[in-house]
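Okay, here's what each chain looks like letter by letter:
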Amino acid sequence: MFTNSKNYFSLILLSLLLWSCGSTSNTTERDYTSEKLDALVAKQSFEIIADWAYPQMTSAMNQVAMAGLFAPGSAPGQINLIGNINYFRIMGDSIDVYLPYYGERQMSSGYGQSDSSIKFKGVPKDFNLKWNEKNNRYDLNLSFNRDAENFKINAQLFTNLKASMTITSSSRFPIR
């Protein structure tokens, strides 16, 4: 079809030009969501709702799985939270947290507590939210106490408006 190398070179040049123009639309979308995240962080007013929980795999979690107690689509290391109430809200210098906990406790947190969820409403002890230029995201680190238990939350807020958070506790195995 192309007997002339000049035509072949023109076709390659045209293809590269079209390919480079097509990639600019992704950059524009990324910039828009990045600006939206910047605005939410600047106002310190946003909410994270989890779709999945990733508890640490232990023999107790495997025993629960073997008993068939997980909902369809869930496994010992991956729990589907879609449709379950959960949130992590930042409102100025305060937070409002309600997250279900799946995993193993290392020690008891007191008598009469049947709800094992992670709950807190108020001003956390430590709060650090800063831009991580190397990884192109915001890093959030905070801690709070509830009853005799200490919690630390480390979260990453990505420019595509997704987030990942890891919660460690003084009496529970970590959960992501």
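To start, this report covers the structure provided alongside it. Values in this document were obtained by computation on a predicted structure and should not be read as measured data.

1. A few points about the sheet that holds strand S6 (residues 118–122)
Reading across the sheet, the 4 strands line up as S1-S4-S5-S6 and stay open at both edges, with antiparallel pairing between neighbours. Edge strands, defined here as strands with exactly one partner in the open sheet, are strand S1 (45–48) and S6. Here the average twist between neighbouring strands, direction ignored, is 10 degrees. Across 5 bridges, strand S4 (residues 87–91) lies against strand S5 (residues 94–99) in antiparallel orientation.

2. Looking at the nonpolar core
Formed by 30 residues in total, the largest nonpolar core has its most connected members in Phe88, Ile118, Phe144, Leu157, Met165 and Ile167. Mapped onto this core, the elements with two or more residues apiece are helix H1 (5–43), S1, S4, S5, S6, strand S8 (137–146), strand S9 (149–158) and strand S10 (163–169). Contacts of Met165, omitting those with residues within four sequence positions, involve Ile48, Phe88, Leu99, Ile153, Asn154, Ala155, Ile175 and Arg176.

3. A word on the packing of aromatic side chains
Applying the stated rule across the entire model yields 4 aromatic pairs. Look at Tyr87 and Tyr98: their rings are 6.1 Å apart centre to centre, the planes differ by 35 degrees, and that puts the pair in the tilted class. Here Tyr87, found in strand S4, pairs with Tyr98, found in strand S5; they are 11 residues apart in sequence, far enough to count as distant. The class for Tyr98 is partly exposed, based on a relative accessible area of 25%. Relative to Phe151, the ring of Phe144 has its centre 5.2 Å away and its plane inclined at 25 degrees; by these criteria the two rings are stacked. By relative accessible area, Phe144 is classed as buried at 1%.

4. Describing the environment of Tyr102
Following the sequence through the fold, Tyr102 ends up in the loop between S5 and S6. The class for Tyr102 is partly exposed, based on a relative accessible area of 27%. When the C-alpha atoms of Tyr102 and Ser117 are compared, they prove to be 8.4 Å apart, with 15 residues separating the residues in sequence. Excluding residues that lie within four positions of it along the chain, Tyr102 makes contacts with Ala53, Pro55, Ile79, Leu81, Asn84 and Ile175.

Criteria and thresholds
- Residues numbered from 1 in each chain as written.
- Predicted model: local features only at pLDDT ≥ 70, side-chain atom pairs only at ≥ 80, totals over all residues.
- Heavy atoms only, no water.
- Pairing = 2+ DSSP bridges.
- Helix = DSSP H or I, 4+ residues; strand = E, 2+ residues; numbered from the N terminus.
- Axes fitted to C-alpha atoms, helices over the stretch in contact; angles between N-to-C directions.
- Core = buried A, V, L, I, M, F, W, Y, C linked by side-chain atoms within 4.5 Å.
- Buried < 20%, exposed > 50% of the residue type's maximum accessible area, 1.4 Å probe, protein only.
- Contact = heavy atoms within 4.5 Å.
- Phe/Tyr/Trp six-rings, centres within 6.5 Å; stacked < 30°, edge-to-face > 60°.

Shape descriptors only; they carry no functional weight alone.
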